[in-house]
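# Structural overview for review
So the chains spell out like this:
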Amino acid sequence: MTVGATILGCASTRLSEEEKRFFRDADPLGFILFARNIETPDQVRALVGALRETIGRGDAPVLIDQEGGRVVRLKPPFWYAAPAAAVFADLHAEDPAAGAEALKLNTQLIAADLLDLGIDVNCTPVADVPVAGAHDVIGDRAYGSSPDRVAQLARIVARTLLAAGVIPVVKHIPGHGRAPVDSHWALPEVDAPVDRLRATDFAPFTALADLPWAMTAHAVYKALDATAPATLSELMVSTIIRTQIGFQGLLLSDDLSMQALEGPLERRARQCRIAGCDIALHCNGVMEEMIKVVDGAGQMNDAGLNRVEAGRAMLGTLDDFDREAARARVTALLEHRADAGRYTG
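Quick caveat: nothing in here was measured; it's all calculated off a predicted structure. (Residues numbered from 1 in each chain as written. Predicted model: local features only at pLDDT ≥ 70, side-chain atom pairs only at ≥ 80, totals over all residues. Heavy atoms only, no water.)

## Here we look at the sheet that holds strand S4 (residues 121–122)
On the basis of which strands lie adjacent, the open sheet formed by eight strands has the order S9-S7-S5-S4-S3-S2-S1-S10 and parallel pairing. The strands lining the two open edges of the sheet, one partner per strand, are strand S9 (250–252) and strand S10 (280–282). Taken together, the two bridges between S4 and strand S5 (residues 167–173) define a ladder with parallel strand orientation. Residue pairing in the sheet places Asn122 in a bridge with Pro168 of S5. Of the strands in this sheet, strand S2 (28–33) and strand S3 (62–64) are in contact with helix H2 (residues 41–55), which crosses S2 at around 165°. With respect to the sheet, helix H10 (residues 287–297) is in contact with strand S1 (4–8) and S10, its orientation differing from that of S1 by roughly 150°. (Pairing = 2+ DSSP bridges. Helix = DSSP H or I, 4+ residues; strand = E, 2+ residues; numbered from the N terminus. Contact = heavy atoms within 4.5 Å. Axes fitted to C-alpha atoms, helices over the stretch in contact; angles between N-to-C directions.)

## Here's the deal with the nonpolar core
Among the nonpolar cores identified, the biggest contains 109 residues, and Phe23, Leu33 and Trp213 are the most heavily contacted of them. When residues no more than four places from it in sequence are discounted, the contact partners of Leu33 are Ile38, Val44, Leu47, Val48, Leu51, Val62, Leu63, Ile64, Arg73 and Ile119. (Core = buried A, V, L, I, M, F, W, Y, C linked by side-chain atoms within 4.5 Å. Buried < 20%, exposed > 50% of the residue type's maximum accessible area, 1.4 Å probe, protein only.)

## Re the pattern of salt bridges
In this structure the tally under the stated criterion is 22 salt bridges. Close ionic contact of Lys20 with Glu17 constitutes a salt bridge, the shortest N to O distance being 3.3 Å. Taken together, the residues Lys20 and Glu17, both in helix H1 (residues 17–26) and three residues apart, mark about one turn of the helix. By relative accessible area, which is 26% here, Lys20 ends up partly exposed. (Salt bridge = Lys/Arg side-chain N within 4 Å of Asp/Glu carboxyl O.)

## A word on empty space enclosed by the protein
A complete count under the given rule lists three cavities of 30 Å³ or more for this structure. Space inside the largest cavity adds up to approximately 80 Å³. Of all the elements in the fold, those that place two or more residues in the lining of the largest cavity are helix H3 (85–94), helix H4 (96–117) and helix H5 (147–164). Ranked by residue count, the leading element in the lining of the largest cavity is H4, at four residues. Class assignment for the residues of the lining of the largest cavity results in nine nonpolar, five polar and one charged. (1 Å grid on protein atoms, 1.4 Å probe; cavity = no way out; pocket = protein on both sides within 12 Å on 5 of 7 lines; lining within 4 Å. Points joined across faces, edges and corners; volume = space filled by probe spheres on them. Nonpolar A, V, L, I, M, F, W, Y, C, P; charged D, E, K, R; others polar.)

Keep in mind these numbers describe shape, not what the thing actually does.
This is the structure in structure tokens:
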């Protein structure tokens with residue numbers, strides 16, 4: 001099977017004729033949705049169906065970033081308002097059983113919303129470990145500052161999504177928590193020594209190396225490869241991510257349109273593939289940019305296609321799930337906290 005080594009966005013809430021023709025020819029592995037693509041449940045279902053129809057694959061992955069807190073694309077009144085990861089980390093630090101239960105229910109609620117829309121991949125959990133002095137682009141998106149707790153809670157999220165029928169994407173491998181700037185706008189350069197990176201930043205990803213999908217970090221790790229961000233570094237992908245961390249699942253670049261990266265988009269896509277990424281991710285839906293990314297990324301190889309199938313083989317089904325009872329229980333578990341105001345309901 002010939003499939004483009006890309007996941008692409010679209011411009012609006014409905015596909016234009018130009019987009020339909022382009023996607024049909026480009027045949028990306030799948031698609032990713034953002035807030036600009038979201039209006040109502042019926043509209044999103046129609047868009048998801050139209051995206052898959054353009055490439056003739058009803059099982060084409062459709063991704064979204066529905067972490068909770070400040071990183072959500074689906075919002076009230078139609079969808080559940082999930083709290084930020086840090087809320088569950090704080091509860092888990094006080095009461096591990098309550099924190100784990102609340103996080104599992106919260107993840108099931110998110111999964112139920114996605115499955116209703118036909119969305120089958122969620123770009124979460126965040127397994128980055130924020131450190132003092134780093135940029136707050138990760139901040140409360142993280143499950144605390146302890147590598148062990150981050151790994152434990154990220155595992156709950158990933159396991160729950162898989163059991164429900166949604167592929168999790170662990171990010172941002174090998175670790176974005178130490179980045180001094182936001183990679184959406186500039187290239188982070190991490191100065192920490194290798195031993196510290198392995199003990200802190202890389203540790204949760206090592207513990208989660210059996211997960212099916214992961215997304216790279218647009219960050220330079222100067223102690224390892226001072227010449228290129230991890231997304232574009234063969235050393236970082238082959239030696240660190242694949243070998244030392246041990247991740248063997250489907251590896252996506254982070255969004256290639258982010259300002260952390262320099263140079264023409266065709267070259268960025270080609271470099272990420274040469275480095276070892278299975279998929280070049282492009283999110284903004286700008287046609288002129290997507291054309292260049294598709295040209296640079298080329299086709300998926302057999303190893304990448306096998307990784308897609310291995311991820312699908314892990315999926316379960318969310319049966320007999322009572323959303324109202326789950327919401328009530330999450331609220332009850334969080335309400336006793338002194339800073340329960342961080343939870344939005």
